Amino acid sequence: MKIDVLTLFPAMFAGPLDESIIKRARAAGLLDLKIHNLRDWTHDRHKTVDDRPFGGGPGMLLKPEPLFEAIEELRRKSTRVILLSPAGRKFNQQIARELAREKDLMLVTGHYEGFDERVRETLADDELSIGDYVLTNGALPAMVVIDAVVRLLPGVLGDDESSLDESFSAGLLEYPTYTRPAEFRGMKVPEVLVSGHHAEIEKWRREQAKRQTKERRPDLMKPD
Ligand code: 4GX
C-alpha cells in the first residue's frame, strides 16, 4: 500500500513510524509511506498556508491553493483522500479493515480551525476523527490511522502478533491472561488455566470475555 501524508509538521512523524512493526512493513516493501510538507506547495516568500475566515470570527483556516495543488499532484486514480478532523466519522476497527483493502491512501491533516470548505467538498473522499477530544493538529490522528491500517495488511503481522484481532472482530474484549509464575506475591493464576482441561479452559475464556465486555464496554455487546 502507498500512503501519502500531507502535514505542516513532518518532523512529528519521524519517531513513531520508524519503529517496530511499521518499520518492518516499510523495510519489507509492504508499505510505501511518504510524508509531505504542505508548505512545499506555497509560492510566496513566507510560505503562507493559512488565512482569516471570510465573515470574521476567531482562528485561521488552511488556504485552498496549497492543498489543491498538493493533492492534485500527489493523488492517483486509485487514491482515497482522507481528511483528519474532529468533524469526521469516528474511526474504529471496521473502518481500519475497510481502509486496509484500498490500494493507496492520502491523509490530509489540518491545523488551526481547519480547512476551507471547498477542500472538503471537492478533494476529500472521506473525513475521519479518532475521537471526541481536541488535539493541536492532525499529525497524531494520521499516525493512529496508519498504525491501525498497516498492521492489517497481508504479511505485516507475524503469527504471534495477530491473535488480538480475533476478539475485537468477534465483538468482545479479551479474556484475562496470565504467564509465569503461577503464583506471584500471593496472587494465584486461576486454577482452570493450569488444569490442562482444554474444553474447560475454552469455556472459562468465553465466559470471562463476555463478563469483561459487559462490565467494561457494554456498548460492544451484541444482543444475544
Ligand atoms: N481526530 N484535530 C485537526 C484542525 C482542524 C479543525 C477543524 C479540520 C477541522 C482530531 C481528532 C483533532 C484538532 C485535528 C484540530 N481540522 N483530528 N485540527 N480528534 O482533534 O482527528
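Residues numbered from 1 in each chain as written. Predicted model: local features only at pLDDT ≥ 70, side-chain atom pairs only at ≥ 80, totals over all residues. Heavy atoms only, no water.

Q: What's the story with the layout of surface pockets in this structure? I'm lost.
A: Leftover empty space is mapped by rolling, across the atoms, a probe with the size of a water molecule. What the largest pocket holds in volume is close to 370 Å³. Lining the largest pocket are 22 residues, with L84, S85, P86, L135 and N137 positioned closest to its centre. Breaking the lining of the largest pocket down by element, the ones donating at least two residues are β5 (79-90) and β7 (126-129). By residue number, the principal contributor to the lining of the largest pocket is β5, which donates four residues. Of the residues in the lining of the largest pocket, the class split is eleven nonpolar, nine polar and two charged. (1 Å grid on protein atoms, 1.4 Å probe; cavity = no way out; pocket = protein on both sides within 12 Å on 5 of 7 lines; lining within 4 Å. Points joined across faces, edges and corners; volume = space filled by probe spheres on them. Helix = DSSP H or I, 4+ residues; strand = E, 2+ residues; numbered from the N terminus. Nonpolar A, V, L, I, M, F, W, Y, C, P; charged D, E, K, R; others polar.)

Q: Honestly, the sheet that holds strand β2 (residues 32-37) in this entry has me stumped. Any pointers?
A: The pairing of strands in a sheet comes from backbone hydrogen bonds and takes either a parallel or an antiparallel form. Reading across from one edge, β2-β1-β6-β5-β7 is the order of the five strands in this open sheet, with parallel pairing throughout. Strand pairing shows two members of the sheet lacking a second neighbour, β2 and β7, which therefore form its edges. Neighbour to neighbour, the strand axes of the sheet diverge by 30 degrees on average, direction disregarded. With five bridges connecting them, β5 and β7 associate as parallel partners. Looking at the pairing, K90 lines up with S129 of β7. Those strands touched by helix α2 (residues 64-74) are β1 (2-7), β2, β5 and β6 (104-109), and its axis lies near 170 degrees from that of β1. (Pairing = 2+ DSSP bridges. Axes fitted to C-alpha atoms, helices over the stretch in contact; angles between N-to-C directions. Contact = heavy atoms within 4.5 Å.)

Q: Mind showing me how you'd approach the pattern of salt bridges here?
A: Two side chains bearing opposite charge may form a pair once their charged atoms approach each other closely. For the structure shown, the criterion picks out 19 salt bridges. In this structure, R118 and D116 form a salt bridge, with 2.8 Å as the shortest nitrogen-oxygen distance. By relative accessible area, R118 is classed as partly exposed at 45%. The class of D116 is buried, set by a relative accessible area of 14%. As a salt-bridge pair, K203 and E207 come within 3.7 Å of each other at their nearest N and O atoms. (Salt bridge = Lys/Arg side-chain N within 4 Å of Asp/Glu carboxyl O. Buried < 20%, exposed > 50% of the residue type's maximum accessible area, 1.4 Å probe, protein only.)

Q: Any chance you could explain the nonpolar core here in plain terms?
A: Note on soluble globular proteins: their nonpolar side chains tend to be buried together. Residues I3, F91, L99, L107, V149 and V150 are the most contacted members of the largest nonpolar core, which totals 29 residues. Elements supplying a minimum of two residues to this core: β1, α1 (20-27), β5, α3 (93-99), β6 and α5 (139-150). When residues of this core are assigned to their parent elements, the largest contribution, eight residues, is made by α5. When neighbours within four sequence positions are excluded, V149 is seen to be in contact with M1, F91, A96, L99, A100 and L105. L38, A70, L74 and V108 belong to the second largest nonpolar core, which has 17 residues in total. (Core = buried A, V, L, I, M, F, W, Y, C linked by side-chain atoms within 4.5 Å.)

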